[in-house]
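Now for the letters of each chain:
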Amino acid sequence: MRSGPPASHVLRRATASLGIAAVVLLGVQPTAQAAGVDPSPATTSTRLRTTDTADAPDTDLVPVCGTPAKGHAACYAMRSADPAPAARPSAALPPAGLGPQDIQSAYNLPADGGAGQTIAIVDAYDNPNAEADLAVYRAQYGLPPCTTANGCFTKVDQRGGTDYPRPNELWAGEIALDLQMVSAAAPQAHILLVETDNDGLDRLAAGVDRAVAMGAKSVSNSYGRQGDLDSDQPTYGASYDHPGVAVVAASGDYGYGVSFPANLSTVTAVGGTNLVADPGSPRGWSETVWKRDAYGPGSGCATHQAKPSFQTDTGCAGRSVADVSAVADNVAVYSTYGSAGTGWQRYGGTSVATPVIAAVYALAGSPRPGTYPNSYPYAAGGAGLNDITSGSNGTCDTAYLCTAGSGYDGPTGLGTPGGLAAFRSGPSGTLSGVVKDASTGKPVAGATVGAGSDVATTLQDGTYTLNLPAGRVDGLTVTRFGYRTTAPLSVDIADGQTVTHDFTLRPTPRVHVRGTVKDGSGHDWPLYARLSVQGSPEAPAWTDPVTGEYDIALPKGADYKLDVTAALPGYEPLTRSVTVKSTAVTADLALTADPDAATAAGYTPRRTDHAEAFDSAAHAPAGWSVSNAEGTSNGWQFDDPIQRGNTTGGSGSFAVVESDQGPFGPHQNSELISPAYDLSAAQSAELSFRTAYTANLTQQHMTVDASTDGGTSWENVWAGPKVSDTVGHLTVRVPLRQFAGKPSVRLRFHFVADWGYYWAIDDVTVQARSLQAVPGGLAVGTVRTAGTGSGLVGAGVVDTSAPDSQAITAATPEDPAIGDGLYILFLARPGRHTLRASAPDHATLTRTTAVRTDHVTWKDFRLVHRG
């Protein structure tokens, strides 16, 4: 009988190719998380899905926006019909779909490009969560923050102000997609979001003019109206005709056929591809025409639009669509405003490709004044483009307008970005060569060669090709994780010239970083966990599932950040900084069980509710108080003074402050202050309340604040909407995690208005949350087929004394030391337990194991195949 894992499991370094280990513990139900609007947040699955971001999705795409009315446009975003989206991914369970690093790799883009450039997004209606969702997306992928506060993000209405249009659940997904794709391709760029009054073609055209007026040199338009009308150019053409600005438009999602504004001769029309990782190819990626059922990129001949001089294809006398293309399927997007659920979802459509191409133009630098940037890819003669030669978006009389082939074609244009060369103006030359390891002489793949925003990445054979502006280029270097950066190099290059220069990289000596990952919430048991190094392209390391030990060798003389995520659900990820000098480093790590998710094995959630239903009409409930500033005509009241009725979703009495009904008004500055809540024993907390209101953007402000010093100082925790709207039967949930452990926490519902409207609240609840450890330990092992030794994925392991607690075996593609069929099961109470393993077409096997409190026991199963 084995008491632990094989020796090869201990102190090892993972070197497997990218994948995701999935470990499932059933019988522990998760708690859905919602920060903001309720009801019906999606329940989070306990199973960690295996996701290869390069795999094509296996679910249908559905259009985000419906058919537009006459004179209006539809957004071209498409959302994958996945099941309930994962609201809280982690390093061990990243969002499904392609992320920024995939896009940068596929198109040879700099990982930190865009500094000094402004990219505009023009969309209809308002997404009130746009900035918050963008922050989640950028944080997930390690991109720098882009916020209003730091000046990176700006949101305006179509007149350049802050009188935002009304929200729209359909276009909100488009806005989230556009902002996040620009971020993925150009992380350092400033982003200008222009929200037009509605989806009318006249309003959207005005939005483009506003974006240009505010200084954007690259403008993304992921919308359109199907068809080619002779009225397009005279009616709207001037708004999309801005020499010296890259105006970019989606070609559409409905296959062969053109749409406005992509049919205009002054814009860059963007088609779409299906992008898939292809490690066996020199590029590492492959692309075909994006096609899913009836959907595909728009293309064709715009007979009512003049053919631009730079287009030379002979099958269309007018404007041919598209010009270039980019990925149009299977990208990860985070969106929380809309009817399709909250969290991470997969998006597609030419709405994906369009902001990517807009960002590539920005990366290439500001266009030359007086020129049309849609001509640049044609002038490049194929340099800096990946020619897409397979796939079709439908049938047509002129084959190349609907079927990909060598050179120009309709669905993908001239191809997809292969760096920045095809998206800049002016004379240029080519620098090429090979990068090798100075010690072994072997080629170095994945090295970055370049200066500033002009970069190329070496292929598997170490070769690179870099287009550079003609003249003297200074500061060329070669960088690669694990190697010393080369000394800066200067090169002179003439227009049309090709210069060859090889580089050698010297490996940086490595130092071991070792330690143990354990539970830090009471059990203290070792954890099977994934450790990745921020900025490292190398495979992650995994701890030993029984001892929790890990060993990573990192280049010395640098600071690193380790991202640590438990394979078991319910633990919060951890980022730990380590400094590696010349001697081995010990870094022990403790992961915290998440008291909000309450899904960690071996813990029982404890919930204490402090609730107030305002059932005592005519006055504030015990412990509550109302404070009215001087000049307040009427503040918070509890007897429904104008007989409005309870529209909050609650019943009976409620608290309300009125501002729009005589004799109330004209001014209110009123605070409704709660009693002190004792959260000293809480590990987390949440405020929830039912509400109804009519909001006014400029004349009324509603906030909830918290105080830990008896009201001397207040911290804002919730702010009412920044739009004019009427809302009822709404439940708001506000995280109060930062106040857990405090002995006295008060809340303030603060209403300030000058001839505003009203705010009503009911059923205010502060829930204190904590986890209590249940005595017991973990059983870990693999379930395999006897004889062959192949791991069984999807097998069940159950404790016969607690049959409701079951583990399902999973694949472990990232960890070469653990075969498929791994399970982790919590066993309550110490002592001997009988475990039963079963799998389809295999005989059930029962084994006994001894469990020690807060320890991990290894127990394998070998099931005999039947038949």
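Look above for the structure.
A quick note: this is a predicted structure, and the numbers were derived from the prediction, not measured.

Here is what the cut-offs are and how they apply
- Residues numbered from 1 in each chain as written.
- Predicted model: local features only at pLDDT ≥ 70, side-chain atom pairs only at ≥ 80, totals over all residues.
- Heavy atoms only, no water.
- Helix = DSSP H or I, 4+ residues; strand = E, 2+ residues; numbered from the N terminus.
- Rg over C-alpha atoms; globule rule 2.2 N^0.38 Å.
- Buried < 20%, exposed > 50% of the residue type's maximum accessible area, 1.4 Å probe, protein only.
- Contact = heavy atoms within 4.5 Å.
- Areas by Shrake-Rupley, 256 points an atom, 1.4 Å probe, with all protein chains shown as cover.
- Lys, Arg positive; Asp, Glu negative; His and termini not counted.
- Charge placed at Lys NZ, Arg CZ, Asp CG, Glu CD.
- Salt bridge = Lys/Arg side-chain N within 4 Å of Asp/Glu carboxyl O.
- Axes fitted to C-alpha atoms, helices over the stretch in contact; angles between N-to-C directions.
- Parallel < 35°, antiparallel > 145°, perpendicular 65-115°, else oblique.
- Left-handed = near helix turned anticlockwise from the far one by under 90°.
- Nonpolar A, V, L, I, M, F, W, Y, C, P; charged D, E, K, R; others polar.
- Core = buried A, V, L, I, M, F, W, Y, C linked by side-chain atoms within 4.5 Å.
- Disulfide = S-S within 2.5 Å.
- Polar contact = N/O pair within 3.5 Å; in protein donor to acceptor, adjacent residues only side chain to side chain.
- Pairing = 2+ DSSP bridges.
- Phe/Tyr/Trp six-rings, centres within 6.5 Å; stacked < 30°, edge-to-face > 60°.

Peer 1: Looking at this model, I keep getting lost on the overall build of the protein. Mind explaining?
Peer 2: Counting secondary structure elements, the protein contains seven helices and 56 strands. For 867 residues, the compact-globule estimate of 2.2 N^0.38 gives 29 Å, and the C-alpha radius of gyration of the protein, at 30 Å, lies within 12% of that figure. Overall, the C-alpha framework of the protein stretches about 85 × 80 × 55 Å when taken along its three principal axes. The buried share of the protein, reckoned over its 867 residues, is 55%. For the protein, the proportion of contacts with a sequence separation of at least 24, taken over those separated by at least 6, is 73%. Surface exposure of the protein reaches about 32600 Å², of which carbon and sulfur atoms provide 49%. Looking at charge distribution, the protein has the averaged site of its 58 positive side-chain charges lying 9 Å from that of its 81 negative ones.

Peer 1: I'm lost on the pattern of salt bridges in this one. Help?
Peer 2: Where charged atoms from two side chains of opposite charge come close, those side chains can pair. The full count for this structure, using the stated rule, is 25 salt bridges. Here Asp 197 makes a salt bridge to Arg 203, at a shortest N to O gap of 3.1 Å. You can call Asp 197 partly exposed: its relative accessible area is 23%. A cluster of three or more residues bridged by salt bridges with shared partners is formed by Glu 572, Asp 594, Asp 596, Glu 686, Arg 733, Arg 737 and Arg 769.

Peer 1: What is the right way to look at the packing of helix α2 (residues 130-140) against helix α3 (residues 169-185) in this model?
Peer 2: To characterise two packed helices, one gives the angle between the axes of the helices and the distance between these axes. α3 packs onto α2 with a crossing angle of 40° between their chain directions and a minimal axis gap of 10 Å. In terms of axis orientation, α2 runs oblique to α3. By crossing handedness, the relation of α2 to α3 is classed as right-handed. In this structure, α2 uses Ala 130, Asp 133, Leu 134, Tyr 137 and Arg 138 to contact α3, whose residues at the interface are Ile 175, Leu 179, Gln 180, Met 181, Ser 183 and Ala 184. Within the contact of α2 with α3, the residues separate by chemical class into seven nonpolar, two polar and two charged.

Peer 1: Would you mind going over the nonpolar core with me for this structure?
Peer 2: Taken as a class, soluble globular proteins show a tendency for nonpolar side chains to be buried jointly. Among the nonpolar cores identified, the biggest contains 98 residues, and Tyr 107, Leu 179, Met 181, Val 219, Tyr 240, Val 331 and Phe 423 are the most heavily contacted of them. Counting residues per element, this core draws most heavily on helix α6 (residues 350-363), at 10 residues. Among residues more than four places away in sequence, those in contact with Met 181 are Ile 103, Tyr 137, Val 331, Ala 332, Val 333, Val 352, Pro 355 and Val 356.

Peer 1: Would you explain the state of the cysteines in this entry?
Peer 2: Put plainly, a disulfide is one covalent bond tying together the sulfur atoms of two cysteines. Evaluation of the coordinates by the stated rule reveals four disulfides. A disulfide bridge connects Cys 65 with Cys 75, and the sulfur atoms are separated by 2.0 Å. Handedness here is read from the sign of the S-S torsion; for Cys 65 and Cys 75, about 100°, the answer is right-handed. Residue Cys 65 is found in the loop between β3 (61-63) and β4 (74-75), and its partner Cys 75 is found in strand β4; the two are separated by 10 residues along the sequence. Put simply, Cys 301 and Cys 316 are joined by a disulfide, and their sulfur atoms are 2.0 Å apart. The S-S bond linking Cys 301 to Cys 316 shows a torsion near 80°; that makes this disulfide right-handed. Of this pair, Cys 301 sits in strand β16 (residues 296-306) while Cys 316 is found in the loop between β16 and β17 (318-321), placing the two residues 15 residues apart along the sequence. The exposure class of Cys 301 is partly exposed, given its relative accessible area of 23%. With its disulfide-bonded cysteines labelled consecutively along the sequence, the protein is connected as 1-2, 3-4, 5-6, 7-8.

Peer 1: Looking at this structure, how should I read unusual backbone geometry?
Peer 2: Among all residues save glycine, negative phi is the norm, and among peptide bonds the norm is trans. That bond from Phe 260 to Pro 261 is cis: its omega, 10°, falls within 30 degrees of zero. Mapped onto the elements of the fold, Pro 261 is located in the loop between β13 (259-260) and β14 (268-277). Although it is not a glycine, Trp 755 adopts a positive phi angle of roughly 55°. For Trp 755, the location among the structural elements is in the loop between β47 (746-754) and β48 (758-773). The class for Trp 755 is exposed, based on a relative accessible area of 51%. Positive phi values are uncommon outside glycine, yet Asp 854 reaches one of about 60°. Summarising the element assignment, Asp 854 is placed in the loop between β54 (845-851) and β55 (856-858). With relative accessibility at 24%, the residue Asp 854 sits in the partly exposed group.

Peer 1: Quick question: what am I supposed to make of the side chain of Ser 670 here?
Peer 2: On the secondary structure map, Ser 670 appears in strand β42 (residues 667-673). Here Trp 636 takes part through its backbone nitrogen, which lies 3.1 Å from a polar atom of the side chain of Ser 670. Not counting residues up to four positions away in its chain, the partners in contact with Ser 670 are Val 626, Ser 627, Asn 628, Gly 635, Trp 636, Phe 749, His 750 and Phe 751.

Peer 1: It is not clear to me how the sheet that holds β4 should be interpreted in this structure. Could you clarify?
Peer 2: Sheets are built from strands paired through backbone hydrogen bonds, the pairs being either parallel or antiparallel. Strand order in this open sheet of three strands is β4-β10-β13, and the pairing throughout is antiparallel. Strands with a single pairing partner mark the edges of an open sheet, and in this sheet they are β4 and β13. Pairing of strand β10 (residues 223-226) with β13 involves two bridges; the strand directions are antiparallel. By the bridge assignment for β13, Gln 226 is matched with Ser 259.

Peer 1: What's the story with the packing of α3 against α6 in this structure? I'm lost.
Peer 2: Relative orientation of the contacting elements α3 and α6 amounts to 35°, with a least axis distance of 8 Å. Here the hand of the crossing between α3 and α6 comes out right-handed. Contacts between α3 and α6 pair Glu 174, Leu 177, Asp 178, Met 181, Val 182 and Ala 185 from the former with Ser 351, Val 352, Pro 355, Val 356, Ala 359 and Leu 363 from the latter.

Peer 1: Explanation requested: the pairing of β47 in the structure shown.
Peer 2: Within a regular strand, side chains alternate between the sheet's two faces. Relative to β47, β42 is paired through seven bridges, and the arrangement is antiparallel. Looking at the pairing, Asn 669 lines up with Val 752 of β47.

Peer 1: Which parts of the structure should I look at to understand the packing of aromatic side chains?
Peer 2: A ring pair, where both rings are aromatic, is described by two values, the distance of the centres and the angle of the planes. Taken as a whole and judged by the stated rule, the model has 25 aromatic pairs. Pairing Tyr 254 with Tyr 295 gives two aromatic rings, centres 5.8 Å apart and planes at 65°, and the pair type is edge-to-face. Placement of Tyr 254 in strand β12 (residues 254-256) and of Tyr 295 in the loop between β15 (285-289) and β16 is noted, with a sequence separation of 41 residues between them. Residue Tyr 254 is classed as partly exposed on the basis of its relative accessible area, which comes to 39%. Assessed through its relative accessible area of 18%, Tyr 295 is described here as buried. Arranged with centres 5.3 Å apart and planes meeting at 65°, the rings of Phe 614 and Trp 624 form a pair that is edge-to-face. Of the two residues, Phe 614 is situated in the loop between β39 (603-612) and β40 (625-628) and Trp 624 in the loop between β39 and β40; the sequence distance between them amounts to 10 residues. In this pair, the class of Phe 614 matches that of Trp 624, namely buried.

Peer 1: Hey, could you run me through the environment of Val 734 in this one?
Peer 2: When you line up the elements, Val 734 lands in strand β46 (residues 725-735). For Val 734, a relative accessible area of 2% puts it in the buried group. For the pair Val 734 and Trp 718, spaced 16 residues apart in sequence, the C-alpha to C-alpha distance is 6.9 Å. Setting aside its immediate chain neighbours within four residues, Val 734 contacts Glu 686, Leu 687, Phe 689, Val 717 and Trp 718.

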